[in-house]
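Here is how the chains run, residue by residue.
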Amino acid sequence: MNKFTCVGDIGSLDMAIREAMEIKKDRFAFTELGKNKTLLMIFFNSSLRTRLSTQKAAMNLGMNVMVLDVNQGAWKLETERGVIMDGDKAEHLLEAIPVMGSYCDIIGVRSFAGLKNKKEDYEEMVIEQFIKYSGRPVFSMEAATRHPLQSFADLITIEEFKTKPRPKVVMTWAPHPKALPQAVPNSFAEWMNATDYDFVITHPRGYELDPKFVGNAVVEYDQRKAFEGADFIYAKNWSAYTDPNYGAVLSTDRDWTVDSDKMALTDNAFFMHCLPVRRNMIVTDDVIESERSIVIPEAANREISAQVVIKRLLESL
Ligand code: CP
């Protein structure tokens, strides 16, 4: 594997899950693999979990780690070609990328959607330029349209907690005051569609995701009906994908907040969220604090998903 941006890059999910479980048993079994190798983590956007879990995963593999926050202490970067650079951006990504590549062996990139131009966002210009010009294996730490390290951790978590071979997994939109990208729900849908789970998506009308990611999932506009018999509830907000509302907040209707009444419709489902989460917008205090909430083991599995991915990239060097 010499890049990781989507589910297709990981190959067999069964093998990936087996590898994750092996790593979980002994995180330090491959400390020689990363010796004298350097991971550069580049953040265009803020992070808590991705930053810490990915750094820990690389350290488990014996790597050195460098972290660059592009918007804090680095030159402001221009990302578009052809721009007359007479503004506040001092350096172009096309010089910065190969320079960064010369200091490291593997690169992780976080770069969110701008939510202004759908075509640009869905072309994944930033991470694709890193893949093209860095000369290094590149992995996504959340790009404009996908968050594969999160989805892989979500899959590991479901595999650990499921009590039936084909659980019903429901991804529900929930309200949020700000416009958020579609990366997490797109990616979660893409990974769930690669399993044989019973996968349902529920959201208000107007929040339809890119059909490419929805795939064969059942879309149910009645949230309560969607919750019936569910084994896992995966809550997430996203902004509108469809034109002319791309990137807009169409609703902050708290009737869509996940609460204990709705959880009572499920088959004693586990509650999941990628975090950070806005309490009493996305989910009520009692649900996220309940014994069926698995948001903390889900976040902990970010270390494991990152370690599988970085290990495979190291093996490709
Ligand atoms: N879930 C997730 O990616 O969290 P951070 O944004 O804190 O990294």
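Residues numbered from 1 in each chain as written. Predicted model: local features only at pLDDT ≥ 70, side-chain atom pairs only at ≥ 80, totals over all residues. Heavy atoms only, no water.

For the rest of this paragraph, the subject is the nonpolar core. Looking at soluble globular proteins, one finds that nonpolar side chains tend to be buried together. Among the nonpolar cores identified, the biggest contains 53 residues, and I10, F139, F152, M171, F199 and I310 are the most heavily contacted of them. Here the element with the most residues in this core is helix α12 (residues 295–315); it accounts for seven residues. If sequence neighbours within four positions are ignored, I310 has contacts with L39, T54, A57, A58, L61, M63, I106 and F139. Core analysis: the second largest hydrophobic core is formed by 19 residues, A174, V200, A226 and V258 among them. (Core = buried A, V, L, I, M, F, W, Y, C linked by side-chain atoms within 4.5 Å. Buried < 20%, exposed > 50% of the residue type's maximum accessible area, 1.4 Å probe, protein only. Helix = DSSP H or I, 4+ residues; strand = E, 2+ residues; numbered from the N terminus. Contact = heavy atoms within 4.5 Å.)

For the ligand, the full set of nearby residues is S47, L48, R49, T50, R110, H147, Q150, C274, L275 and R302. In this structure, an oxygen atom belonging to the ligand sits 2.7 Å away from a main-chain N or O atom of L48. One of the side-chain N or O atoms of R302 is found 3.1 Å from an oxygen atom in the ligand. Contact with the protein chains hides 93% of the accessible area of the ligand, taken as 260 Å² for the molecule alone. Most atoms of the ligand, that is more than half of them, are within 2 Å of grid points of the second largest pocket. Within the shell around the ligand, the residues separate by chemical class into three nonpolar, four polar and three charged. (Near = heavy atom within 4 Å. Polar contact = N/O pair within 3.5 Å; in protein donor to acceptor, adjacent residues only side chain to side chain. Areas by Shrake-Rupley, 256 points an atom, 1.4 Å probe, with all protein chains shown as cover. 1 Å grid on protein atoms, 1.4 Å probe; cavity = no way out; pocket = protein on both sides within 12 Å on 5 of 7 lines; lining within 4 Å. Sits in = over half its atoms within 2 Å of the grid points. Nonpolar A, V, L, I, M, F, W, Y, C, P; charged D, E, K, R; others polar.)

Under the counting rule described, the total for this entry stands at 12 aromatic pairs. Centre to centre, the rings of F161 and F270 are 5.2 Å apart; their planes meet at 65°, and the pair counts as edge-to-face. Of this pair, F161 sits in helix α6 (residues 148–161) while F270 sits in strand β12 (residues 270–272), and the two are 109 residues apart along the sequence. The class of F270 is buried, set by a relative accessible area of 10%. (Phe/Tyr/Trp six-rings, centres within 6.5 Å; stacked < 30°, edge-to-face > 60°.)

In this structure, P244 follows D243 across a cis peptide bond, with omega equal to 5°. On the secondary structure map, P244 appears in the loop between β11 (232–236) and α10 (260–263). Of note, the amide linkage connecting L275 to P276 takes the cis form, showing an omega dihedral of 0°. Assignment of secondary structure puts P276 in the loop between β12 and α11 (285–288). Unusually for a residue other than glycine, N36 sits at a positive phi of about 60°. With respect to the helices and strands, the residue N36 is situated in the loop between α1 (13–25) and β2 (38–43).

We now examine the pairing of β11. Of all the five residues making up β11, five are buried; the element is thus mostly covered by neighbouring parts of the structure. Every second residue of β11 is oriented toward a common face, with F232, Y234 and K236 on one face and I233 and A235 on the other, all of them buried. Inspection of the sheet shows strand β8 (residues 168–173) paired to β11 by five bridges, in the parallel sense. Looking at the pairing, M171 lines up with Y234 of β11. Inspection of the sheet shows β11 paired to β12 by three bridges, in the parallel sense. For I233, the partnering residue across the bridge sits in β12 and is F271. (Pairing = 2+ DSSP bridges.)

The five strands are arranged β10-β9-β8-β11-β12 in an open sheet whose pairing can be described as parallel. Every other strand in the sheet has two partners, leaving β10 (218–220) and β12 as the edge strands with one partner each. Adjacent strand axes in the sheet meet at a mean angle of 25° when their direction is disregarded. (Axes fitted to C-alpha atoms, helices over the stretch in contact; angles between N-to-C directions.)

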